[in-house]
Structure formats: C-alpha cells, structure tokens
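If you want the building blocks of each chain, they are given just below.
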Amino acid sequence: MDQELLDRTLAERGEPSFRALQVWKWAARGARTYEEMTNLPAALRAALAREVPLSSLSFEDESLASDGTQKALLRTHDGRPLEAVLMRYRDGRRSLCLSSQSGCPLSCTFCATGRMKFGRNLTASEILDQALHFRRSEAVNHAVFMGMGEPLLNLDAVLEACERLPDLGIATSNTAVSTVGWIPGIERLAREGRPVRLALSLHAPEDALRSELMPVNERYPLDEVLAACRDWHAARRREVFVEYLMLEGVNDRVEQALALAELVREPRNAFKVNLIPYNPTEAGFEGSSRGAIDAFRSTLESRGVRATVRLTRGRDIDAACGQLAVRAAAA
Ligand code: SAH
C-alpha cells in the first residue's frame, strides 16, 4: 500500500501516529481488507477502504507453471508494468523474486528484461506490494531482488523495502540483492541498512567477454567489482553469491572455469558460485549442455571454489531468470 498516502490520510483525519503501524502490521500478515483490521475504529476502517487502496499496484494477470512457480503481472498507478514471481520448493521454502524497476536501463545481451522499454524506479511501497500480493494467499520466507531491474540503481527504495520484509516473515538473512556489479551500490550495502545477502551477476571471467555480454562492465570492470565484493565480505562476514550463466560455446569452457576459479578463490570461502542454466529468450544464445555444466562445476570445485547449479523454475511460463519482460510493454 502507498505508505505516503496512508500517512497523509491518517494525518488529515487527526489519527494518532501509531495507526500507520497498526495498518502495516495487518497488511504484512496478509490482510485482504480493512474490515479485518479489528483494532482500528470501524469509521476509520471504512474511510481507509474508500481513500487508500490496499495495494499501490493493480493486478493484471497471473500464470502458474507446472512446477508450482507463480508469476504475477502487476501495474503501477501510472501504467508501468512489472512482474513478480513466487517459487515454491518441496522443503517448504517460499521464495519471492521481486522487481526493483519497471524494465531495466542496462542492456545485458542475454536478458529479456533489458529489451523491454525502461519505465522507472519502483517505490518501496511498490516493491512491498509485490510481496504482499503473494503474502495474501500464503506464508513466504525468502526474497531475492532478482526480478526486473537493477536494484542498486534504486537502492534507497530497496533498502526501505528490506526494513519491512521481516514483518512479512522474511528474515534479513533470507533476503538477497543481486547486482550486475554497480560498485557505488555495493559500497553502500557494505555499510548501510540491514545485512542482506549479496549476489553478483558475473557471467564471464575476463573483461573483454564480460563487456560484450554486459556493457556495464565497461564502466565497472571485473577487478574493481570483485574488490568491492571483497570489501563487502569483510564488512558483512557473509559469502558473496556469484551468478554465472552457462552459455554454450561462449563462457562454458574448462579454461574459463579455471579463470573464474582464479578470480574468486581468495579469500577462501568468500565467494560461492551458482551456475545458472540459460533460459531461452529472444537473444539467440544456446544454453550449455548438462555435461558442460557439470564439468565446469567440477573444475571449480577441484580449485577449492564451492559451486552449485541453480534449479530452473517457471520456465514454461517465462518466469525464470532473465525471462521477465512484459510483452505488450516491449512493443
Ligand atoms: N540486475 C540484477 C538483478 C536481476 S537478477 C542482476 O543482473 O543481477 C536476474 C539474474 O538472471 C541475473 O543474474 C541475470 O544475469 C540472470 N539472467 C538474465 N538473463 C538470463 C537468462 N536468459 N537465463 C538465465 N539467467 C538469466
């Protein structure tokens, strides 16, 4: 819900300041109507129902993948589209993939979101309303800022949202922010706000290839990005998750695994590599074979670098990593 509108409406009605928190606590526990908020006076509940929509986003569409992954298409009041995803795992994990921007201003060649028109930064309320959309139907316990957009280009709103996620049942240690390597943002994350987890989209072990795949590398080259991650690790004492997309014939050779291992070997256990099977987009890459992915992983491990392969979720509804793009909006 739009927190500013709520605050303003409460102030205009001369309500005590604790009301905003009361409303938020109900919303965070999944309330679907103001009627449920029984510790608010009935007249106030009726007024809020008229004046403050429960969500700042309108709901447009939802798809459900065969693996239980659910994707919602939502729209801001000024017509900007965005998507959010809920992933359900057998062990009970319920993980939200949140968008920080409508579209993305960066243009990573393999990612569908970068092809869509960039809209704008989302507000903290708009980020939280994605989470509340799913929270209204079930309990959730993890969140990753891996939806549309570059969270570190909208860090104030992302940090503000992270302050409130614990009220929904999502611990800060279960919250991760993923970045292309936007150094000023990594530096702020080392010192400011809650100690959320950090994930770095690395994707290539040397600058020339990385710049080709991710133009942002021209601005923030690998060495400098990794140095910022080491500082973050020293400050936060948590491992950095390195995301590495597996593109056949592009970045999946054994020499490239060795080069990656060199980059992230020190300090020991500061980095953990997550190999991501490529999800088809219109970009025209081919994903690496299972054999190539396994060989890449063994090579990393033989050099003392921990590595896992990401489970692909929601591919049949274009809800998987890199597939979020609102088709109508791309036109
Ligand atoms: N802008 C941030 C947050 C988005 S996270 C970032 O890039 O980290 C989305 C993740 O999915 C990133 O690691 C991104 O590189 C990855 N990704 C993009 N396109 C993909 C694709 N087609 N298949 C699999 N992963 C992809």
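Basis of the calculations
Residues numbered from 1 in each chain as written. Predicted model: local features only at pLDDT ≥ 70, side-chain atom pairs only at ≥ 80, totals over all residues. Heavy atoms only, no water. Phe/Tyr/Trp six-rings, centres within 6.5 Å; stacked < 30°, edge-to-face > 60°. Lys NZ or Arg CZ within 6 Å of the ring centre and 35° of its normal. Buried < 20%, exposed > 50% of the residue type's maximum accessible area, 1.4 Å probe, protein only. Helix = DSSP H or I, 4+ residues; strand = E, 2+ residues; numbered from the N terminus. Pairing = 2+ DSSP bridges. Domains from an automatic or database assignment. Contact = heavy atoms within 4.5 Å. Buried area = accessible area lost by both parts, 1.4 Å probe. Salt bridge = Lys/Arg side-chain N within 4 Å of Asp/Glu carboxyl O. Polar contact = N/O pair within 3.5 Å; in protein donor to acceptor, adjacent residues only side chain to side chain. Nonpolar A, V, L, I, M, F, W, Y, C, P; charged D, E, K, R; others polar. Core = buried A, V, L, I, M, F, W, Y, C linked by side-chain atoms within 4.5 Å. Axes fitted to C-alpha atoms, helices over the stretch in contact; angles between N-to-C directions.

A.B. asks: Describe the packing of aromatic side chains, listing the residues and the values that go with them.
C.D. replies: On inspection of all chains with the given rule, the structure shows three aromatic pairs. Summarising the aromatic geometry, the rings of Tyr-278 and Phe-285 are spaced 6.1 Å apart at their centres and angled 75° between planes, so their arrangement reads as edge-to-face. Above the face of the Trp-26 ring, Arg-29 is positioned so that its terminal group lies 5.1 Å from the ring centre. A cation over an aromatic ring shows up here: Arg-164 above the ring of Trp-24, its NZ or CZ 4.8 Å from the ring centre.

A.B. asks: Can you lay out the pairing of strand E3 (residues 81-88) for me, pointing to particular residues and giving the numbers?
C.D. replies: The buried fraction of E3 amounts to eight of the eight residues, a majority that puts the element mostly inside the structure. Neither face of E3 is exposed, since Pro-81, Glu-83, Val-85 and Met-87 on one face and Leu-82, Ala-84, Leu-86 and Arg-88 on the opposite face are all buried. In this sheet, E3 lies alongside strand E2 (residues 70-75) in antiparallel orientation, the contact comprising six bridges. Directly across from Leu-74, in E3, lies its bridge partner Leu-82. From the end of E2 to the start of E3, which pair antiparallel, there are five residues, and Gly-79 there has a positive phi angle of about 85°. Note that E3 and strand E4 (residues 94-97) share four bridges and pair antiparallel.

A.B. asks: Which residues make up the domain arrangement of the protein, and what values do they have?
C.D. replies: Examined at the domain level, the protein breaks down into domain 1 (1-54) and domain 2 (58-330). Each side of the interface is counted separately: domain 1 has 12 residues, and domain 2 has 10 residues. Approximately 1,000 Å² of surface area, both sides summed, lies buried where domain 1 meets domain 2, with 47% of it carried by carbon and sulfur atoms. Its largest share of buried area at the contact with domain 2, domain 1 owes to Met-1, Trp-24 and Ala-28, together 46% of the area lost on that side. Summed over the shared surface of domain 1 and domain 2, the result is one salt bridge. For Asp-167, the salt bridge identified is with Lys-25, shortest N-O distance 3.3 Å. In this assembly, domain 1 and domain 2 are joined by eight residue pairs in polar contact (both at pLDDT 80 or more). Tallied by class, residues from the side of domain 1 that touches domain 2 come to six nonpolar, two polar and four charged.

A.B. asks: Which residues make up the nonpolar core, and what are the values?
C.D. replies: Ranked by size, the top nonpolar core spans 111 residues in total, and within it Leu-48, Leu-96, Leu-189, Val-264, Val-273 and Leu-300 carry the most contacts. When residues are assigned to domains, this core turns out to be shared by domain 1 (1-54) and domain 2 (58-330), each giving three or more. Contact partners of Leu-189, with chain neighbours within four places excluded, come to Leu-152, Leu-155, Leu-159, Val-177, Val-196, Leu-198, Trp-232 and Arg-236.

A.B. asks: Give a description of unusual backbone geometry that names residues and reports values.
C.D. replies: Here Glu-266 and Pro-267 are connected by a cis peptide whose omega angle stands at -15°. By secondary structure assignment, the location of Pro-267 is in the loop between helix H10 (254-264) and strand E9 (271-277). Positive phi, close to 60°, is recorded for Arg-237, a residue that is not glycine. Given the relative accessible area of 63%, Arg-237 is considered exposed. At Asp-318, a position not held by glycine, the phi torsion is positive, near 55°. Looking at the element boundaries, Asp-318 is found in the loop between strand E10 (307-309) and helix H12 (327-330).

A.B. asks: With reference to specific residues and values, describe the sheet that holds E9.
C.D. replies: The 10 strands are arranged E1-E2-E3-E4-E5-E6-E7-E8-E9-E10 in an open sheet whose pairing can be described as mixed. A single partner strand is all that each edge strand has here, and the edge strands are strand E1 (58-64) and E10. Put simply, the sheet's adjacent strands are angled 20° from each other on average, direction ignored. Summarising the sheet, strand E7 (residues 197-201) and strand E8 (residues 240-246) pair through three bridges and their orientation is parallel. Residue pairing for E8: Ser-201 is matched across the bridge by Glu-243. Against the sheet, helix H4 (residues 124-135) touches E1, E2, E3, E4 and strand E5 (142-145), its axis set at about 45° to E3.

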